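Structural characterization, general
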Amino acid sequence: MKNAFRLNSIGAAAVRILFAAVAAFPIVFMLVSSLKPDQQIFGDMSSVAAFLPIGNISLDNYTAVFDRVPAARFLINSVGVSAVTVVLGIFVNSLCAFALSRMQVRGKKVVFTAILATLIVPFQTLALPLVWWVNQLPYFELNGFSLEISKGWLDTYQVQIIPFIANAFSIYLYHQYFESIPKELDEAARIDGAGWFKIYRQVVMPLAGPATATVAILTFLPAWNSYLWPLMVVQSEELRPVMIGIQYFFQLNVSWGEVMAYASLITVPVVVLFIAFQRSFINSIASSGVKG
Amino acid sequence: MTTTQLPSRRPAVPAPGGTTPAAARRKRPRHLREQLSGWGMIAPAAVLLLAFVFLPAILGFGLAFTNARLISPRPVEFVGMDNFARLFTDPTFWRALLNVSYFAVVVVPVQSGLALAMALLINKKFRGVNFFRTVYFLPVVTSMVVVSLLWLFMYRKDGLINELLSTFSFGLIPGADWLNDPATAMPAIIALSIWQAAGFHMIIWLAGLQSISGELYEAAQLDGASRWHQFRYVTWPGLKHTRTLVLVTITIQALGLFDQVSVMTQGGPLDSTTTIIYEAVRSGFKQQETSYASAISLVFFVLVLLISAVQRYLTREKD
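Given the structure is predicted, the values throughout are model-derived calculations rather than measurements. (Residues numbered from 1 in each chain as written. Chains lettered and ligands numbered in written order. Predicted model: local features only at pLDDT ≥ 70, side-chain atom pairs only at ≥ 80, totals over all residues.)

Here we look at the UniProt feature "domain: ABC transmembrane type-1" (unreviewed entry) in chain B
The condition that has to hold: UniProt positions are given in the numbering used here, feature names are shortened, and annotations may be inferred rather than shown by experiment. Helix and strand assignments come from DSSP, with helices taken as H or I runs of at least 4 residues and strands as E runs of at least 2, each series counted from the N terminus.
UniProt marks residues 97-311 of chain B with the feature "domain: ABC transmembrane type-1" (unreviewed entry), using the numbering shown here. Taken end to end, residues 97-311 of chain B comprises 76% helix and 0% strand; its first and last C-alpha atoms sit 19 Å apart.

Okay, structure coming up:
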């Protein structure tokens, strides 16, 4: 009995390690290759050296990347766009979920159903009419003391942000989480004379930390990774996000070391951020977030 | 009005610090204010979703029956079913439908199965559980565009995949030119797609696993149930809701295949990897035929709707 148990756990450990190796090997290969000259990448391919930072290691590929692509500008743009989307997304979606979950609002069932219905519309099918539509929207600009109104959002920062703030999945996650917070807390706060917004800000949101961590990551990832949308609506180099930089490598005689360096450059910040938040993220999703 | 719902929502729990009738008296004057603040809080998200999801969806629906182009001097005209007639006689569209079905038929069971296996492996706490959870999730935080570029490099004839295959099979498996051969291009894309996305569905499975009470397993162990019987009679029934969620999300994601194709093969070789969304973007964006692209999107949308409805029907609660 005991031996069988030990055998079982050794087997499980072996499978775990096998899965981890499969999950990690392309990423390790990418990071390691970004430090090697092309010739050595291909030379190392047939041995374990492909996964080890040995031989002629340098940051030359990274310097070359900054010469070829305005990488610093792209990084700043992506950080800005993603951060604003995440902050506004957390606020707007949690506020909506709060009212839907904890307040007596007429017609909220219909609204919630309509919001959840947007989950089945893949973004790619909306992208084309959306391009046409954002080009009709007015755009206000404060120029000195006069407010200028122009038409069309193409080639701006807000076209990369505003359509992605409200998100049905975030509202759903917050809603699920809010349902698990006792409603007696609201009742008590109301008797103390608190308004609804105060209850939202000072009672419910401080308790919803794990949901916020989850929503933050799930908003940040698509914002950072967006590719199709900026490709369609942002032409100016100084406004473009990191993923578009990949286009600069779609050409002949590409140096794969440089490609891997750029790929690492735009992946590592996300990985670091994820590792920093992963405990609260995975645990919150696993313990309360998504339940069919 | 809604006050009548209150007793049924919270039966017999008097408001803390007050008796029930007193609370009811206090509720009446704030009733309208609650409606107003409630709608005020819903409004920002609702307006944004209306403007950037519902409206473009309706717009796309309308454009599908016109001859609109992205930039065109001619006025937009209503053309009835012309776009659909053209679509259903286009062999590329049928090829795209076939490719996407092939992709979905393989990806849905394999990816959900692997994701469940991964979730089971890291469900219980053990030393290093966070390490494995993080590593399994790493591909998910990597952008699909980066992943596609990386695998494009690994799938080369002299690339890492061929080298690994030949090493582990001691040279028995000859290398393939994965993405340039119509027979292997789609399987190659399937493999990398599962690699990238399985971690996400692992998390959803994990959520379902964590919601199953530990007492059920203890009871099963007392009854002498084997590992397999515990899985079969405790875990599997406990994952009923999660199953539907995983099934529906993987299917929608599979049918929407786009990024990988766009970066790696552009639909080729010989249309063997083109997809419905790729065709929509190609005709709408590259060829500027907004109306034709809208028609493709509409067909796709109806397809997704039908399939998720069928799946929901098949996995409905049978009692």
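Here we look at the UniProt feature "transmembrane region" (unreviewed entry) in chain A
UniProt's feature table lists "transmembrane region" (unreviewed entry) at residues 12-32, 74-98, 110-134, 154-174, 203-224 and 259-277 of chain A, given in the numbering used throughout. Segment residues 12-32 of chain A splits into 100% helix and 0% strand. End C-alpha atoms: 29 Å apart.

Concerning the interface of chain A and chain B
Rules: By the criterion used throughout, residues are in contact when their C-beta atoms, derived from the backbone, lie within 7 Å. Each residue gets one of three labels, nonpolar for Ala, Val, Leu, Ile, Met, Phe, Trp, Tyr, Cys and Pro, charged for Asp, Glu, Lys and Arg, and polar for the others, Gly among them.
With 76 residues of chain A at the interface, the matching set in chain B holds 79 residues. Those elements that place two or more of their residues in the side of chain A that touches chain B are α1 (2-33), α4 (71-102), α5 (108-117), α6 (123-134), α9 (184-191), α10 (196-204), α11 (209-225) and α13 (256-289) of chain A. Per element, the largest residue contribution to the side of chain A that touches chain B is 16 residues, and it comes from α13(A). By residue class, the composition of the side of chain A that touches chain B is 57 nonpolar, 12 polar and 7 charged.

Comments concerning the UniProt feature "transmembrane region" (unreviewed entry) in chain B
All names here are of chain B. Here the UniProt-annotated "transmembrane region" (unreviewed entry) positions come out as residues 36-65, 100-122, 134-154, 185-207 and 292-314. Strand forms 0% of residues 100-122 and helix 96%; the C-alpha atoms that close the span are 32 Å apart. Between the first and last C-alpha atoms of residues 134-154 the distance is 23 Å; the span itself is 90% helix and 0% strand.

Focus: helix α4 (residues 91-121) of chain B
Short version of the rule: In this analysis, the expected span of each helix is defined as 1.5 Å times one less than the number of residues it contains. Note on bend: the value at a residue is the angle between axes fitted to the seven residues ending there and to the seven starting there.
Look at α4(B): 45 Å from first C-alpha to last across 31 residues, which is about the 45 Å you get at 1.5 Å a residue. A bend of about 30 degrees at Val107(B) is the largest found in α4(B), and the proline Pro109(B) appears one to four places after it.

Remarks on the domain arrangement of chain A
Residue and element names in this part refer to chain A. Let me state the cut-off plainly: All domain edges in this entry derive from an automatic or database-based domain assignment.
Taken domain by domain, chain A holds domain 1 (1-58) and domain 2 (64-289). Its C-alpha centre places domain 1 at a distance of 33 Å from the equivalent point of domain 2. Contributing elements (two or more residues each) for the side of domain 1 that touches domain 2: α1 and α2 (38-44). If one sorts the elements of the side of domain 1 that touches domain 2 by residue count, α1 sits on top with 3 residues. Of the residues assigned to the side of domain 1 that touches domain 2, the class counts are 4 nonpolar, 2 polar and 2 charged.

Details of the packing of α4(A) against α11(A)
Residues and elements named next belong to chain A. The criterion, for reference: Axes here mean lines fitted to C-alpha atoms, for a helix over just the part in contact, with angles spanning 0 to 180 degrees between N-to-C directions. Here is the rule for angles: anything less than 35 degrees is roughly parallel, anything more than 145 is roughly antiparallel, 65 through 115 is roughly perpendicular, and the remaining ranges are oblique. What makes a crossing left-handed is the near helix being turned counterclockwise from the far one by less than a right angle; a clockwise turn instead makes it right-handed.
Closest axis-to-axis distance for the α4/α11 pair is 9 Å, and the angle between their directions is 140 degrees. It follows from the interaxial angle that α4 and α11 lie oblique. As α4 packs across α11, the resulting crossing turns out to be right-handed. Contacts between α4 and α11 pair Ser78, Val81, Ser82, Thr85, Val86, Gly89, Ile90 and Asn93 from the former with Thr212, Val215, Ala216, Thr219, Phe220, Ala223 and Trp224 from the latter. Looking at the contact of α4 with α11 residue by residue, the classes come out as 8 nonpolar, 7 polar and no charged.

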